[in-house]
Amino acid sequence: MKNVVVLGSTGSVGRNALNVLSNFADRFNVFGLSSNTNIGLFKEQIERFKPKRVAITDEESFQGFIDSLRSLQERENETEVFFGMDGLKKLCSDPEVDLVINALVGAVGLLPSLATIESGKGLAIANKETLVMAGDLLTQKAKEKNVKILPIDSEHSAILQCLLSGKKNEVKRLILTASGGPFLKRKKKDWKNIKVNEALSHPTWEMGKKITVDSATLMNKGLEVIEAHWLFDMPAFKIKVLIHPQSIVHSMVEFVDGSLIAQMSIPDMRIPIQYALFYPERLPTNNKPLNLTQIKTLSFFEPDQKKFPGLEICYQALEMGGTAPAVLSAANEIVVKAFLEEKISFADICRIVKKTLKKHEVVENPNLDDILNADRWAREEANRQINIKDRTLE
Ligand SMILES: NC(=O)c1ccc[n+]([C@@H]2O[C@H](COP(=O)([O-])OP(=O)(O)OC[C@H]3O[C@@H](n4cnc5c(N)ncnc54)[C@H](OP(=O)(O)O)[C@@H]3O)[C@@H](O)[C@H]2O)c1
C-alpha cells in the first residue's frame, strides 16, 4: 500500500489521477490533496477519499474552508489542513508519503517538486512548467537522491514506453506529436480576432484553461520539447515535432536502424497516469480500447513554424540555456492569463513572450535563487509589455 499525495487534485489531471487511484484502492491510499480555489469540489474529494492531510494555497479559500469546518464543528479528529506554499511542501515531505503526483499548473509547482525529490519520494509529474524552468536542477537533484521522475504528460509517457524498445545510443530522435489545436486551418491575419472561448475549445483533449491556450499557440508543444530534453537527456536537435490531429499516436521514438516505435491509445489521461503509478508494470483497466478500424486515418504533417512561432521560441530558449526557459515559461503564464482576461489578443501571446525573452540577460548554470529571480523578472517585464497601449512602439 503506497501513500499518495495529489497536488492540484481539483484540476483536470488531478481529477483523473483520483479516478485512477480509486480503481486501485487496494494498492494506493490517498494520503494528501491540495486545492487553490475550488473549495466546493475539494470538500467532496475530502469527504470521499478521507485524506489525512490537505493543503489550500489561496488565502481567502483557506479561511472560508476553515470557517465552514468550524461552523460545522467538524474539526476534531478530521483531516489536518495546511496553508500556502509551506503547506504544499509539508505535504510532499511528510515521512508517511511514498509518492507525489504533481498536477499543479505553472511555476507554483517548482518548490513542491523540489521538496518531493529532496525528501526522496517518488514524483509523478504533469506540471511541465516545473521541468521547463528548472529541468537541470530537478534532474540533478533526482539523480543525487535516486528518485525517478515519471512523466504524466501523454507525450512523455509515450516516449518513456517507446524507449524500452532499444538502448539510448540507438535512438536517432524523439518525435513528439501535437494535435495542432483549434487554429490549424485559421488564417494568421485573423488571429487578433480569436475569442477566448474559441481558444478554449480543444479538438481532442479536455484540459485546464492554461494548457488549452498553450495548445492553441503550440507553445505547449515547445514546452514539451524542453520537458523531453530534461526527462530523457536528449539534445534539442534530436527532438522533433509532428502535427497529428487525431491525437491517437501520443509520440514516437525513431531508432538508428530505421524502426519507428509509436505508442497509441484513445486520448485519455488516465492511461499515462496509470502507467506512471505502476511503472514499469501494466495493469488491466476498463478504459475504452483503441479501435483502429473506427479511426481509419492517422495523418501527420510538419508544423507551420511561421504561423505558430511558439514552437520556435521554445527551441530558442532551450538553446539560450540557463535562466532563459524559466523566463519563457513565466512570461507565457502571464500573457496567457492576460489573454483569458481579454487584456491582449491571441496574436499578442507569442509576440510578448518573444520580446520578454529577447530582453533577458541569461544567467548560466542557475541555482534556485537565479531561477526564482528570472521568473520574477519575466513576470514584471511581460506585465509591463501587456500594459503598453500601443505595442507597435516597442
Ligand atoms: N489537463 C491535461 O490533460 C494535461 C495533460 C498533460 C499535462 N498537463 C499539465 O498538467 C498541469 C495541470 O494541468 P490541468 O489541465 O490539470 O490544470 P487545471 O485543470 O487548471 O488544474 C490546476 C490545478 O492546480 C491548482 N492551482 C492553480 N493555481 C494554483 C496556485 N497558484 N497555487 C496552488 N495551486 C494552484 C488548481 O486548484 P483550484 O482548481 O482549486 O483553483 C487545480 O487543482 C499543467 O502543468 C499542464 O500543462 C495537463
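Keep in mind that what you see is a predicted model, and the values were worked out from it rather than measured.

### Notes on the overall build of the chain
The helix and strand inventory of the chain stands at 16 helices and 11 strands. Over its C-alpha atoms the chain spans a radius of gyration of 21 Å, differing by no more than 12% from the 21 Å that the globule rule assigns to 394 residues. With the C-alpha coordinates of the chain rotated into their principal frame, the extents come out at 60 × 55 × 40 Å. Expressed as a percentage of its 394 residues, the buried residues of the chain come to 54%. For the chain, the share of sequence-separated contacts (at least 6 apart) that also reach a separation of at least 24 residues comes to 71%. Surface accessibility of the chain: about 18400 Å² in total, with carbon and sulfur atoms responsible for 49%. Separation between the mean location of the 52 positive side-chain charges and that of the 50 negative ones in the chain comes to 5 Å.

### Concerning the site of the ligand
Close to the ligand lie 24 residues; Thr10, Thr37, Glu129, Asp153 and Gly208 are nearest. Lys128 places a polar main-chain atom, nitrogen or oxygen, 3.5 Å from an oxygen atom of the ligand. Separating an oxygen atom of the ligand from a backbone N or O atom of Gly208 is a distance of 2.8 Å. If the ligand stood free it would expose 900 Å²; the protein chains cover 85% of that surface.

### Regarding the sheet that holds strand β2 (residues 28–35)
Taken together, 7 strands build an open sheet; the order of strands is β4-β3-β2-β1-β5-β6-β7 and the sheet is parallel. At either end of the open sheet lies a strand with only one pairing partner, and these are β4 (80–83) and β7 (149–151). Looking at each pair of strands side by side, their axes are set apart by 20 degrees on average, direction ignored. As defined by bridge partners, strand β3 (residues 53–56) adjoins β4 across 4 bridges and the pair is classed as parallel. Across the sheet, Val54 pairs through a bridge with Val81, a residue of β4.

Scoring rules and cut-offs
Residues numbered from 1 in each chain as written. Predicted model: local features only at pLDDT ≥ 70, side-chain atom pairs only at ≥ 80, totals over all residues. Heavy atoms only, no water. Helix = DSSP H or I, 4+ residues; strand = E, 2+ residues; numbered from the N terminus. Rg over C-alpha atoms; globule rule 2.2 N^0.38 Å. Buried < 20%, exposed > 50% of the residue type's maximum accessible area, 1.4 Å probe, protein only. Contact = heavy atoms within 4.5 Å. Areas by Shrake-Rupley, 256 points an atom, 1.4 Å probe, with all protein chains shown as cover. Lys, Arg positive; Asp, Glu negative; His and termini not counted. Charge placed at Lys NZ, Arg CZ, Asp CG, Glu CD. Near = heavy atom within 4 Å. Polar contact = N/O pair within 3.5 Å; in protein donor to acceptor, adjacent residues only side chain to side chain. Pairing = 2+ DSSP bridges. Axes fitted to C-alpha atoms, helices over the stretch in contact; angles between N-to-C directions.

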